[in-house]
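# Structural overview for review
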Amino acid sequence: MPPRMLSYRLFTPADQAAVLDLIGRASYVHRHLDWQPGDAWLTDPEMVAGVGWCHNQAAALMAFSPTTVGVSWLRVVALDGDLPAQVVVRELWDFLRPALWKRGVRRICVLMLETWLYPSLALLGFVPVEEIVTLQRIWDDPEDFAIARPPGVTLRPAEATDLEAVLRIDHTAFEVRWQMRPRDLAIVREEALSFTLAEWEGQVAGYEISLRYDSGIHLARLATAPHRQGQGIGSALVAHVLYFANRLGISALTVNTQASNAASLHLYQRYGFRMIGEGFTVLEARLPDSPGMV
Ligand SMILES: CC(C)(COP(=O)(O)OP(=O)(O)OC[C@H]1O[C@@H](n2cnc3c(N)ncnc32)[C@H](O)[C@@H]1OP(=O)(O)O)[C@@H](O)C(=O)NCCC(=O)NCCS
């Protein structure tokens with residue numbers, strides 16, 4: 001059967017129902033592990049997405065997160081089953097690159113969760129840049145997770161008015177690729193089971209964000225302001241999450257980190273976390289600096 005011809009258009013809010021229908025029925029789907037719940041990403045006004053149409057039906061979709069300092073993540077790809085994946089992924093990529101460039105995107109990252117997508121992205125020049133590992137801490141009987149806080153450090157729940165201070169730490173502690181946007185942080189505050197600040201003499205110096213999932217808690221974010229690192233703040237926050245989980249009767253905590261992140265691996269392992277098999281590769285491609293070459 002000859003391949004179907006698609007016509008590509010930028011996503012508009014009017015396409016929402018068609019796109020959700022496509023994601024629901026598509027044979028090939030890639031979904032980023034998003035901060036935003038469910039399909040909230042579809043209403044994000046700053047995202048860049050393209051839809052391939054065939055006889056007025058959405059048959060292919062590629063969507064990117066809004067950029068943070070020039071970096072955007074591939075958020076969703078969905079393809080109807082009879083489409084040639086490599087051809088259509090390339091067509092969507094070629095179609096969307098100028099729009100991404102105009103939005104200031106220069107690096108595109110992908111959390112490689114779906115093996116079907118890898119050959120298509122490799123052909124487009126995406127290369128592995130980072131390995132993400134998963135660690136888990138499980139305990140059978142309630143344990144005494146004493147919270148050892150360094151002198152001068154207090155822990156308290158984050159309020160909406162703290163988000164600016166949290167973002168400042170986030171953007172100095174994490175490499176650009178991993179930095180959060182204000183909108184995502186505000187959303188995650190609503191979703192989080194626990195969002196705790198560590199204050200050092202009244203100044204926000206670190207934070208953790210943990211989310212509930214089926215069988216446990218996922219420590220989704222942990223950071224200490226660079227000038228306060230190495231003084232026990234990260235440890236106090238990890239101990240707090242363990243203590244908190246224990247009090248809720250939950251006995252499994254997971255966390256992801258970069259395989260190269262020696263400080264966080266050391267910290268998690270010191271608290272009894274062990275590596276489990278689930279890991280992911282991060283791929284990245286760069287857009288050229290000059291618009292004529294996009
Ligand atoms: C990981 C992080 C939160 C730790 O916070 P912290 O406040 O420095 O943590 P602590 O001071 O309690 O403990 C740090 C531990 O890491 C150790 N450490 C620091 N750098 C290290 C390195 N390069 N290799 C091995 N261990 C290292 C410290 O010696 C200390 O261990 P110890 O108490 O047994 O001596 C902090 O480094 C950070 O914000 N990093 C950037 C963001 C990040 O990577 N977050 C976690 C991944 S999601």
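In this text the structure is predicted, and so the values were computed from the model without any measurement. (Residues numbered from 1 in each chain as written. Predicted model: local features only at pLDDT ≥ 70, side-chain atom pairs only at ≥ 80, totals over all residues.)

Looking now at the overall build of the chain. On a plain count of helices and strands, the chain comes out with 7 helices and 13 strands. Relative to the 2.2 N^0.38 estimate, which gives 19 Å for 294 residues, the radius of gyration of the chain is 21 Å and therefore close to what a compact globule would have. Across its three principal directions, the C-alpha atoms of the chain cover 70 × 40 × 35 Å. A buried classification covers 32% of the 294 residues belonging to the chain. Sequence-distant contacts, at least 24 apart, represent 73% of the contacts inside the chain between residues at least 6 apart. (Helix = DSSP H or I, 4+ residues; strand = E, 2+ residues; numbered from the N terminus. Rg over C-alpha atoms; globule rule 2.2 N^0.38 Å. Buried ≥ 20, exposed ≤ 12 C-beta atoms within 10 Å, placed from the backbone. Contact = placed C-beta atoms within 7 Å.)

Take helix 6 (residues 233–247) next. Compared with the 21 Å implied by 1.5 Å per residue over 15 residues, the 21 Å span of helix 6 between its first and last C-alpha is a close match. The complete set of buried residues in helix 6 reads I233, G234, A236, L237, V238, V241, L242 and A245. Once helix 6 finishes, G249 follows within two positions and takes phi at roughly 80°, a positive value. (Expected span 1.5 Å × (residues − 1).)

Right, let's talk about the domain arrangement of the chain for a bit. The parts lose accessible area when they come together, and the size of an interface is often stated as this lost area. Each assigned domain of the chain is listed with its residue range as follows: domain 1 (7–125) and domain 2 (133–281). On a C-alpha basis, the centroid separation for the pair domain 1 and domain 2 is 30 Å. Domain 1 puts 12 residues into the contact, and the matching count from domain 2 is 10 residues. Broken down by element, the side of domain 1 that touches domain 2 gets its largest block of residues, 3 residues, from strand 6 (residues 107–112). Among the residues making up the side of domain 1 that touches domain 2, the classes are represented as 10 nonpolar, 2 polar and no charged. (Domains from an automatic or database assignment. Nonpolar A, V, L, I, M, F, W, Y, C, P; charged D, E, K, R; others polar.)

What follows covers the site of the ligand. Close to the ligand lie 21 residues, the nearest being T224, Q229, G234, S235 and A262. Put simply, the parts of the chain that give the shell around the ligand at least two residues each are strand 11 (216–224), helix 6 and helix 7 (262–270). A per-class count over the shell around the ligand returns 8 nonpolar, 12 polar and 1 charged. (Near = placed C-beta within 6 Å.)

On to unusual backbone geometry, then. The phi angle at H55 is positive, at roughly 50°, despite the residue not being glycine. Within the secondary structure layout, H55 lies in the loop between strand 3 (48–54) and strand 4 (57–64). The class of H55 is exposed, set by 7 C-beta atoms lying within 10 Å. Even without a glycine there, the phi angle at V69 is positive, about 45°. Structurally, V69 is set in the loop between strand 4 and strand 5 (71–79). Under the C-beta neighbour-count criterion, V69 is labelled exposed, with 12 such atoms within 10 Å.

On to the nonpolar core, then. One finds A49, A60, L61, V77 and V110 to be the most contacted residues of the largest nonpolar core, which totals 36 residues. At 7 residues, the largest contribution of residues to this core is made by strand 4. Dropping the residues within four chain positions of it, L61 is found in contact with V19, L22, A49, V51, V76, V77 and A78. Core analysis: the second largest hydrophobic core is formed by 31 residues, V133, L185, I209 and L253 among them. (Core = buried A, V, L, I, M, F, W, Y, C linked by C-beta atoms within 7 Å.)

Let us look at the pairing of strand 12 (residues 252–258). For strand 7 (residues 127–138) and strand 12, the ladder comprises 7 bridges, and the chain directions are antiparallel. Residue pairing across strands places V133 opposite T257, the latter belonging to strand 12. Bridging between strand 11 and strand 12 involves 3 bridges; their strand directions are parallel. Within the sheet, the bridge partner assigned to L219 lies in strand 12 and is V255. (Pairing = 2+ DSSP bridges.)

Take D80: it is sitting in the loop between strand 5 and helix 2 (85–102). Apart from the residues lying within four places of it in its own chain, the contact partners of D80 are A26, S27, A59 and A60.

For the rest of this paragraph, the subject is the environment of C54. Looking at the element boundaries, C54 is found in strand 3. Its 14 C-beta neighbours within 10 Å are what place C54 among the partly exposed residues. Along the sequence, C54 and K102 sit 48 residues apart, while their C-alpha atoms lie 27 Å from each other. When neighbours within four sequence positions are excluded, C54 is seen to be in contact with R4, L6 and A59.

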